[in-house]
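Spelled out, the chains give:
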Amino acid sequence: MGLSLSSCHRRLKDLEATGAIERYRAVIDPAAVGLSFEAIVFVTMRTTDLEVIAAFETSVANEPSIVEAQRLFGEPDYLLRVLAVDMRAYQELYDTKLGALPGVQRLTSTLVMKQISADRVIPIP
């Protein structure tokens, strides 16, 4: 990069201080810890009442099997990335927890065949 170690360290600390670097983390291969089943779940809400949305989002944040969640414009309302041990474990999660999330009208799942570009590097201009 053409910068001294101290300059790089100073820039890194500035990025941390401004929040540009949110956190550091280990990236775990789900299959290495027995989570080889992945599904993308599209959620359509019954209502967009703020209380219901807040309850739904809190419940999603508290469910460890949901490893990623995004609120979308239009339909569906949410996209969830869900990891499970296998199809049977996913079915149990779907029947007991996902379907019971506050305000859910409809769940639609698709199974992930292969990860192609997970955890991409953010292009910094």
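Read on for an overview of the structure. The structure presented is a predicted model; accordingly, all values stated were derived computationally and were not measured.

1. Here's the deal with the overall build of the chain
Counting its secondary structure elements, the chain contains three helices and four strands. In sequence order, the chain lays out its α and β elements as α-β-α-β-β-α-β. The globule rule puts the C-alpha radius of gyration for 125 residues at 14 Å, and the 19 Å found for the chain is more than 25% above it. Oriented by its inertia axes, the alpha-carbon framework of the chain measures out at about 55 × 35 × 25 Å. Split into buried and exposed, the 125 residues of the chain put 23% on the buried side. Within the chain, contacts between residues separated by at least 24 positions form 65% of all contacts whose residues are at least 6 apart in sequence. Surface exposure of the chain reaches about 9,400 Å², of which carbon and sulfur atoms provide 56%.

2. Observations concerning the nonpolar core
Judged by nonpolar contacts, the single largest core of 19 residues is most densely connected at Val41, Val43, Phe56, Leu80, Val82, Tyr90 and Leu98. Examining the composition of this core, we find that five residues originate from one element, strand 1 (residues 37-45), more than from any other. Discounting residues that sit within four places of it in the chain, leucine 98 has contacts with Val41, Ile66, Leu80, Val82, Tyr90, Leu93, Val104 and Leu107.

Cut-offs used in this document
- One numbering rule holds for all chains: residues counted from 1, following each sequence as written.
- Given that the model is predicted, a residue must reach a pLDDT of at least 70 before its local features are reported, and side-chain atom pairs must reach 80 or more before they are shown or counted; all residues, however, enter totals for whole chains, interfaces and linings.
- Excluding hydrogens and water, the side-chain figures rest on all heavy atoms present in the structure.
- Secondary structure elements are taken from DSSP: a helix is a run of H or I of four residues or more, a strand is a run of E of two residues or more, and numbering for both begins at the N terminus.
- All radius of gyration figures rest on C-alpha atoms, and the globule criterion is 2.2 Å times the number of residues raised to 0.38.
- Partly exposed describes any residue whose relative accessible area lies between the buried limit of under 20% and the exposed limit of over 50%, with all areas from a 1.4 Å probe on protein chains only and scaled to the type maximum.
- Contact criterion: two residues are considered in contact whenever any of their non-hydrogen atoms come within 4.5 Å of each other.
- Here the open area of atoms and residues is found with the Shrake-Rupley method and a 1.4 Å probe, where only the protein chains shown may cover a residue.
- The nonpolar core is taken to be a set of buried Ala, Val, Leu, Ile, Met, Phe, Trp, Tyr and Cys residues, with the residues joined through side-chain atoms within 4.5 Å.

The values reported here are purely geometric and, on their own, carry no functional implication.
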